[in-house]
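The chain contents come next:
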Amino acid sequence: MTRTVLESKTKTVVIGFDEPFCVIGERINPTGRKKLAAELEMGNYDTVIKDALEQVACGATVLDVNSGAVFTNKMAEDPRYADNNFVEPPLMKALIEIIQQTVDVPLCIDSSVPGALEAGLMACEGRPLLNSVTGEEERLELVLPLVKKYNVPVVAISNDDTGISPDPDVRFAVAKKIVERAADFGIPAHDIVVDPLVMPVGAMASAGQQVFALVRRLREELGVNTTCGASNISFGLPHRHGINAAFLPMAIGAGMTSAIMNPVRQVEMEAIRAANFLMNHDANGGEWIRFSKVIEAVEQGATFAEASAAATQSAGGRRGGRRGRG
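Please read these numbers as outputs of a predicted model, since none were measured by experiment. (Residues numbered from 1 in each chain as written. Predicted model: local features only at pLDDT ≥ 70, side-chain atom pairs only at ≥ 80, totals over all residues. Heavy atoms only, no water.)

With respect to the nonpolar core
Residues Val48, Leu63, Ile99, Leu130, Ile192 and Phe247 are the most contacted members of the largest nonpolar core, which totals 83 residues. Ile192 has contacts with Val154, Ala156, Val179, Ala182, Ile187, Val224 and Asn225, leaving out every residue within four places of it along the chain. Membership of the second largest hydrophobic core comes to 13 residues, among which are Cys22, Cys108, Leu129 and Val155. (Core = buried A, V, L, I, M, F, W, Y, C linked by side-chain atoms within 4.5 Å. Buried < 20%, exposed > 50% of the residue type's maximum accessible area, 1.4 Å probe, protein only. Contact = heavy atoms within 4.5 Å.)

Below, the structure is given as structure tokens:
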């Protein structure tokens, strides 16, 4: 069976066909978050620390770390700050260092800047997931050597120089191309996690059906693990969390093994916990029973994040606790 192994300093997470669904927390991302971007510009990591703790307490077993910040004030003073190649590498290093001091879970290094990817790889303890490579020739030649050099798995996004195709057969062909090119570098298929690209169902009625079929095909024909940006399916629609919560178990049933998503949302996490149980990826329902205590606390007035953190602490877990500086 395909197993993609991720590691922090002391923890191992396996993404696999017979493993519980891997939740990759998406919130440490300044894109579209003006408050977070402004804090990072001032060297303030309070929100990063809060988001790391909450996401892990709520069930994320991997955290995505995105360094795509725009430093507006610094840009006005120094034109170098208009260049992501200048801003992102040191920011990625700083983010990873503070997150690793805060929680002990594997990380997903997320940037379009190769220098930021390598800065993250150099700062990471363990074996992170690299996010991402596409089928674009330039990107393949920049990213795959990093994947090989640091012996890490990589997210492969199914678009290429022609853009994102609405045709699922084309997206499959791009994924296959990436897997084959990775093999040329000596990178095994089990270290490729394909994102088949989820289209918004509001714009394309067959978007859900497309991705379910693609996930099955990627699993059966290429033998790779899969991921997605889960909230893409509901983009532009009202009550998005209800759609996401329906989509995720259906994707899991089709064979999807991970998603980059917001774990601080009870309805989505409840759907994933139930799906793990129904897929026989939760031995004796132990995780579902533990999660039911969180639901009960929410019903009594706690927030989902508060109830999740309390449950982790009462169980003696340290997955959301800060580790002392070395």
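So, the pairing of strand E2 (residues 12-16)
Along E2, four of the five residues are buried, which leaves the element largely enclosed by surrounding structure. One ladder, built from five bridges, connects strand E1 (residues 3-7) with E2; its direction is antiparallel. Paired with Glu7 across the two strands is Thr12, which belongs to E2. Here E1 folds back onto E2, and the loop between the two strands holds four residues. (Helix = DSSP H or I, 4+ residues; strand = E, 2+ residues; numbered from the N terminus. Pairing = 2+ DSSP bridges.)

Digging into empty space enclosed by the protein
What the rule picks out here adds up to one cavity of 30 Å³ or more. Approximately 50 Å³ is the volume attributed to the largest cavity. What lines the largest cavity is a set of 11 residues, and nearest its centre among them are Ser8, Lys9, Gln100, Asp104 and Val105. Broken down by class, the residue content of the lining of the largest cavity amounts to four nonpolar, two polar and five charged. (1 Å grid on protein atoms, 1.4 Å probe; cavity = no way out; pocket = protein on both sides within 12 Å on 5 of 7 lines; lining within 4 Å. Points joined across faces, edges and corners; volume = space filled by probe spheres on them. Nonpolar A, V, L, I, M, F, W, Y, C, P; charged D, E, K, R; others polar.)

Concerning the packing of helix H6 (residues 137-150) against helix H7 (residues 168-184)
Relative orientation of the contacting elements H6 and H7 amounts to 40°, with a least axis distance of 11 Å. Taken together, the axes of H6 and H7 are oblique relative to one another. Taken as a pair, H6 and H7 cross one another with a handedness that is right-handed. Contacts between H6 and H7 involve Glu137, Leu140, Glu141 and Leu144 from the former and Lys177, Ile178, Arg181 and Ala182 from the latter. (Axes fitted to C-alpha atoms, helices over the stretch in contact; angles between N-to-C directions. Parallel < 35°, antiparallel > 145°, perpendicular 65-115°, else oblique. Left-handed = near helix turned anticlockwise from the far one by under 90°.)

Concerning the packing of aromatic side chains
One pass over the full model with this rule turns up five aromatic pairs. Ring centres of Trp288 and Phe291 lie 6.0 Å apart, and the angle between their planes is 35°; on these two criteria the pair is classed as tilted. Of the two residues, Trp288 and Phe291 both sit in helix H11 (residues 286-299), three residues apart, roughly one turn of that helix. The exposure class assigned to Trp288 is partly exposed, which follows from its relative accessible area of 24%. Among the residues examined, Phe291 registers a relative accessible area of 5% and is labelled buried. Judged by centre distance (6.0 Å) and plane angle (75°), the ring pair of Phe291 and Phe304 falls under edge-to-face. Of the two residues, Phe291 sits in helix H11 while Phe304 sits in helix H12 (residues 304-314), which places them 13 residues apart along the sequence. (Phe/Tyr/Trp six-rings, centres within 6.5 Å; stacked < 30°, edge-to-face > 60°.)

Quick word on the layout of surface pockets
The calculated volume of the second largest pocket comes to roughly 720 Å³. Along the walls of the second largest pocket sit 32 residues, with Glu26, Asn29, Asp110, Gly229 and Ile260 positioned nearest its centre. For the lining of the second largest pocket, the secondary-structure elements that each account for two or more residues are strand E3 (22-28), strand E4 (62-66), helix H4 (84-102), strand E6 (129-134), strand E7 (154-157), helix H9 (240-254) and strand E10 (258-261). Tallying contributions element by element places H9 first for the lining of the second largest pocket, with four residues. The class makeup of the residues in the lining of the second largest pocket is seven nonpolar, 15 polar and 10 charged.

Remarks on the pairing of E4
Counting buried residues along E4, five of its five residues qualify, which places the element largely inside the surrounding structure. Sheet analysis places E3 next to E4, joined by three bridges and oriented parallel. By the bridge assignment for E4, Gly25 is matched with Leu63. Across four bridges, E4 lies against strand E5 (residues 107-110) in parallel orientation.

Quick word on the pattern of salt bridges
Evaluation of the coordinates by the stated rule reveals 16 salt bridges. Residue Glu137 is joined to Arg181 by a salt bridge in which the shortest nitrogen-to-oxygen separation is 2.9 Å. With a gap of 44 residues between them, Glu137 in helix H6 and Arg181 in helix H7 connect regions that are remote in the sequence. For Glu137, a relative accessible area of 34% corresponds to the partly exposed category. (Salt bridge = Lys/Arg side-chain N within 4 Å of Asp/Glu carboxyl O.)

Some points on unusual backbone geometry
A negative phi holds for most residues other than glycine; trans holds for most peptide bonds. The linkage connecting Asn131 with the following residue, Ser132, adopts the cis geometry, with an omega of 25°. Inspection of the secondary structure puts Ser132 in strand E6. If you check the backbone angles, Leu197 has positive phi at about 70° while not being a glycine. In this fold, Leu197 is placed in the loop between strand E8 (192-195) and helix H8 (207-222). The exposure class assigned to Leu197 is buried, which follows from its relative accessible area of 13%. Unusually for a residue other than glycine, His239 sits at a positive phi of about 50°. By the secondary structure assignment, His239 is in the loop between strand E9 (225-226) and H9.

Coordinates in, geometry out; function isn't part of it.
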